[in-house]
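# Per-entry structural report
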Amino acid sequence: MSAERQTYDAKDSTHAEYYGQSGLKMGRGCCPDISLLPSVADILGVTIHELLNGEQSNTEPEGPAAGRENALQYADSEAEAAAGTMRSRCAVAFSLLLLAGSAACAVINTAVSGKLTWAPFPIVSMAFAWLVFFPVLKAGKKGLFGALLALSVFILPFLYVLSRLLKSNGNILAAGAPTAALSVVFLWSVFALFKRLKTRKRLAAAASLLLAVPTCLLINLVLSKLFFLPVIDVWDMLAIFLLLISAAALFIADLAAKKKHIVSEKKPEHSGSRGHA
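Structural notes, computed from the coordinates. (Residues numbered from 1 in each chain as written. Predicted model: local features only at pLDDT ≥ 70, side-chain atom pairs only at ≥ 80, totals over all residues. Heavy atoms only, no water.)

## Brief notes about the overall build of the protein
Just so we agree on the cut-off: Numbering of helices and strands runs from the N terminus, with a helix taken as a DSSP run of H or I at least four residues long and a strand as a DSSP run of E at least two residues long. Categorising residues by exposure relies on relative accessible area from a 1.4 Å probe, with only protein chains included: less than 20% of the type maximum marks a residue as buried, more than 50% marks it as exposed, and the intermediate range marks it as partly exposed. The contact definition used throughout considers only heavy atoms, calling two residues in contact when any of these lie within 4.5 Å. For the accessible areas, the method is Shrake-Rupley and the probe is 1.4 Å, while residue cover comes only from the protein chains on display.
Secondary structure assignment for the protein yields 10 helices and zero strands. Per-residue burial over the protein gives 23% buried out of 277 residues. A separation of at least 24 residues holds for 50% of the contacts in the protein among residues at least 6 apart in sequence. Summing over all exposed atoms, the protein offers an accessible surface of approximately 18,700 Å²; the carbon and sulfur share of this is 67%.

What follows is the structure in structure tokens.
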């Protein structure tokens with residue numbers, strides 16, 4: 001028998017008295033406010049920890065601070081569970097949508113042409129998109145590593161299949177492989193920066209923008225040799241200028257936030273020294 005039921009029977013309270021004292025709404029389907037947990041636990045004569053777990057404990061009663069902490073932990077776990085359920089539903093919906101799109105392309109192409117002609121292009125692209133985006137949809141931020149890993153592993157096979165389907169004589173691989181390699185290295189670098197600078201996201205973003213400048217120039221250099229294009233033009237110069245301005249603004253914002261944090265840490269020390277004096 002649960003802690004609530006034992007205590008409830010012991011107090012011999014009616015439903016009306018119980019709900020009236022706790023402030024809970026009567027009826028099924030009601031979701032009580034978590035702020036009412038301390039009141040409910042007090043009425044039942046149990047701790048919040050016992051109330052949430054559904055069984056009584058032989059440990060010492062917890063104080064108000066511990067009770068609030070348990071309530072917050074319970075709220076966080078419930079929110080995380082709800083977010084996980086939503087991510088799973090989005091991942092399933094995304095998978096079904098791509099599967100339906102691939103099937104529709106194959107059926108329409110076969111019905112019109114009598115065989116698969118153009119359908120393999122969207123089917124391969126959707127399969128590649130699923131491999132890259134599914135980990136993020138399923139696990140959120142925790143899936144970024146899996147998404148980058150999938151991108152790194154499957155980008156070259158994807159370009160190879162496209163090259164064979166288009167019969168491009170290797171032009172897609174010649175241009176796409178070095179461009180994809182540079183892009184993948186850039187994305188892994190950005191991932192490492194944000195992983196390393198968890199508490200200074202502005203600094204990580206600024207460093208990422210600066211890193212984008214040489215990445216763009218290297219990609220332009222590769223393409224210029226293949227297609228006889230200029231390494232840099234007016235639009236590239238404008239893009240680089242905007243990247244540098246944005247990086248400088250983020251650096252300044254990071255320094256201001258760091259300075260504010262240092263000042264806020266020094267204030268308690270000064271107030272403590274005055275009190276001691």
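## Focus: a positive patch on the surface
Formally: Each patch is assembled from residues with relative accessible area greater than 30% and no salt bridge, linking like charges that lie within 9 Å and nonpolar side chains (Val, Leu, Ile, Met, Phe, Trp, Tyr) that lie within 5 Å. A pairing counts as a salt bridge when a side-chain nitrogen of Lys or Arg comes within 4 Å of a carboxyl oxygen of Asp or Glu. Neither His nor the chain termini are counted; the positive set is Lys and Arg, and the negative set is Asp and Glu. Charge coordinates come from a single atom per side chain, which is NZ of Lys, CZ of Arg, CG of Asp or CD of Glu.
A grouping of Lys141, Lys195, Lys198 and Lys201 is seen on the molecular surface, where their side chains present a positively charged patch. Turning to its location among the elements, Lys141 is positioned in the loop between α6 (120-139) and α7 (144-166).

## Some details on a nonpolar patch on the surface
Taken together, the side chains of Leu217, Leu218, Leu221, Val231, Ile232 and Met237 define a hydrophobic patch exposed on the protein surface, amounting to about 470 Å² of accessible area. Tracing the sequence through the fold places Val231 in the loop between α9 (201-227) and α10 (234-276).

## Focus: the nonpolar core
Note the following rule: Here the nonpolar core consists of buried residues drawn from Ala, Val, Leu, Ile, Met, Phe, Trp, Tyr and Cys, with membership extended through side-chain atoms lying within 4.5 Å.
In this structure, Phe128, Val132, Leu151, Ile155, Phe158, Leu159, Leu162, Ala180 and Val184 together form the largest nonpolar core, which totals nine residues. Broken down by secondary-structure element, the contributors of at least two residues to this core are α6, α7 and α8 (171-196). With sequence-adjacent residues up to four places away left out, Leu159 is seen in contact with Ile172, Leu173, Gly176, Ala177 and Ala180. Core analysis: the second largest hydrophobic core is formed by six residues, Phe186, Ala212, Val213 and Ile240 among them.

## Section: α8
As a reminder of what qualifies: Given a helix with a known number of residues, its expected span is that number minus one, times 1.5 Å.
Helix length check: α8 (26 residues) gives 38 Å between terminal C-alpha atoms against 38 Å at 1.5 Å per residue, within 8%. Among the residues of α8, Ala175, Gly176, Ala180, Val184, Phe186 and Val190 are the ones counted as buried. Close packing links the buried residues of α8 with α7 and α9.

## Digging into the packing of aromatic side chains
As a reminder, the rule being used: Ring pairs are drawn from Phe, Tyr and Trp, using the six-membered ring of Trp, whenever the two centres fall within 6.5 Å, and their geometry is named by plane angle: stacked under 30 degrees, edge-to-face over 60, tilted for the rest.
Counted under the stated rule, the structure contains five aromatic pairs. For the ring pair Phe128 and Phe158, a centre distance of 4.4 Å and an interplane angle of 5° mean the geometry is stacked. Taken as a pair, Phe128 in helix α6 and Phe158 in helix α7 lie far apart in primary sequence, 30 residues in all. On the numbers, 5.5 Å between centres and 75° between planes, the contact of Phe145 with Trp188 is edge-to-face. One end of the pair, Phe145, is in helix α7; the other, Trp188, is in helix α8, with 43 residues separating them in the sequence. Of the aromatic side chains, those joined through ring pairs into one cluster are Phe145, Trp188 and Phe191.

## Section: the packing of α6 against α7
Put simply, the rule reads: Where helices are involved, their axes are fitted lines through C-alpha atoms of the stretch in contact, as for all axes, and angles between N-to-C directions lie from 0 to 180°. Roughly parallel covers angles under 35 degrees, roughly antiparallel covers those over 145, roughly perpendicular covers 65 to 115, and oblique covers all other angles. When residues are grouped by polarity, Ala, Val, Leu, Ile, Met, Phe, Trp, Tyr, Cys and Pro land in nonpolar, Asp, Glu, Lys and Arg in charged, and all others, Gly among them, in polar.
Packing of α6 against α7 leaves a shortest axis separation of 8 Å and a crossing angle of 170°. As the angle between them shows, α6 and α7 are arranged roughly antiparallel. Here Pro120, Phe121, Val124, Ser125, Phe128, Leu131, Val132, Pro135 and Val136 of α6 lie close against α7, whose contacting residues are Leu144, Gly146, Ala147, Ala150, Leu151, Phe154, Ile155, Phe158, Val161, Leu162, Leu165 and Leu166. For the contact of α6 with α7, a count of residues per class yields 19 nonpolar, two polar and no charged.

## Section: the side chain of Asp254
For clarity, the cut-off: Two N or O atoms form a polar contact when they lie within 3.5 Å of each other; inside protein one atom must be a possible hydrogen donor and the other a possible acceptor, and for residues adjacent in sequence the pair counts only when both atoms belong to side chains.
Considering the arrangement of structural elements, one finds Asp254 in helix α10. A distance of 2.4 Å separates the side chain of Asp254 from the side chain of Arg200, its partner in a polar contact. Excluding residues that lie within four positions of it along the chain, Asp254 makes contacts with Arg200, Arg202 and Leu203.

## Let's talk about the pattern of salt bridges
Inspection of every chain in the model, using the stated rule, returns two salt bridges. Put simply, Glu80 and Arg87 hold a salt bridge, and the shortest N to O gap is 3.3 Å. In this structure Arg87 comes out as partly exposed when scored by relative accessible area, which is 24%. With a closest N to O distance of 2.4 Å, Asp254 and Arg200 form a salt bridge. A residue pair is termed long-range when its members are at least 10 positions apart, and Asp254 in helix α10 and Arg200 in the loop between α8 and α9 qualify at 54 residues.

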